[in-house]
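Here are the chains, one letter per residue:
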Amino acid sequence: MTRLSNAFTSPALVCFVTAGDGDTAANLDALVAGGADVIELGMPFTDPMADGPAIQKANLRSLAKGTTTADIFAIAAAFRDRHPDVPLVLMGYANPMVRRGPDWFADSCEAAGVDGVICVDIPPEEDDALGPQLRAKGIAPIRLATPTTDAARLPKVLEGSGGFVYYVSVAGITGLQQAATASIEDAVAKLKAATDLPIAVGFGVRTPEQAEAIAKVADGVVVGSAFIDLVEEHGENAPAALQELTAALANAVHNARKADA
């Protein structure tokens, strides 16, 4: 069993923050202390096209501080030393990942103890840009499925993917809207019929109540913008607020199915 597969033995809470925004090490520790099952660490980029205003601003704050790809791997490696059993996924865009070559990026992920990579703008049809190098190092290329991923394209999305499938529950950018639970349940059922990988649902999830509803039908719930908002509000003092929200979300996710048992 890998760290990622262990994390999804029951509904998992996946928490996202942007590297270099606030005190990243303390923010990550707060997420773990609050009960996060999987950490997504965002790689700041100048043109984060899939992200809404909150994460866009987090990217700009991080880049304004001079955050580099080397800094991100240092953050990841230090996290792995502190938390040897918590899965860590890098999420971002192709330019920072492949500009030095896919082998360099995969080697750096392996050295830092990264478990998976979500690259928003490398489509499955261009898997050879990074996928083979990640898989060769035992790092999961985690793919995105969306409401517009039809039955004809889904096999291509799933081919060569690993870790979990990230179902983007709305057609649009992060943080601004949330899909109806019924549509999520239907989408998760279709994905589960096509793959044995866990299905984690994200985009627009902000409250424990929303997280609980999704955790009743999906294998994981992804929360990002709500954490980013706290980092923007509290800056270097964000960890306490992050831990409090994580604990509330984790309690909702981990107990979502017990009420129905």
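Presented here is a report on the structure given in the accompanying data block. (Residues numbered from 1 in each chain as written. Predicted model: local features only at pLDDT ≥ 70, side-chain atom pairs only at ≥ 80, totals over all residues. Heavy atoms only, no water.)

Brief notes about the environment of Asn251
- Among the structural elements, Asn251 can be located in helix α12 (residues 239-254).
- Taking the C-alpha atoms as reference, Asn251 lies 27 Å from Ile75; in sequence the two are 176 residues apart. (Helix = DSSP H or I, 4+ residues; strand = E, 2+ residues; numbered from the N terminus.)

Observations concerning the pattern of salt bridges
- Taken as a whole, this structure holds 15 salt bridges when the rule is applied.
- In this structure, Asp107 engages Lys137 in a salt bridge whose closest nitrogen and oxygen atoms are separated by 3.2 Å. With Asp107 in helix α6 (residues 102-112) and Lys137 in the loop between α7 (131-136) and β5 (140-141), this pair connects stretches of sequence that are 30 residues apart.
- Judged by its relative accessible area of 36%, Asp107 falls in the partly exposed class.
- Of the charged contacts in the structure, one is a salt bridge between Asp127 and Arg143, with a shortest N-O distance of 2.6 Å. (Salt bridge = Lys/Arg side-chain N within 4 Å of Asp/Glu carboxyl O. Buried < 20%, exposed > 50% of the residue type's maximum accessible area, 1.4 Å probe, protein only.)

Considering the environment of Lys192
- Secondary-structure assignment places Lys192 in helix α9 (residues 181-194).
- Those residues in contact with Lys192 that sit more than four places away from it in its chain are Ile199, Val217 and Asp219. (Contact = heavy atoms within 4.5 Å.)

Brief notes about helix α4 (residues 69-82)
- In this model, α4 (14 residues) spans 20 Å end to end at C-alpha, consistent with the 20 Å of a helix rising 1.5 Å per residue.
- Taken together, the buried positions of α4 are Thr69, Ile72, Phe73, Ile75, Ala76, Phe79 and Arg80. The buried residues of α4 occupy an angular sector of 155° when the element is viewed end-on, so they sit on one face. Exposed residues lying more than 90 degrees from the buried face of α4 are Ala70 and Asp81.
- Buried residues along α4 sit against α1 (3-7), α2 (24-34), β2 (38-42), β3 (88-92), α5 (94-98) and α6. (Expected span 1.5 Å × (residues − 1). Arc of directions from axis to C-beta.)

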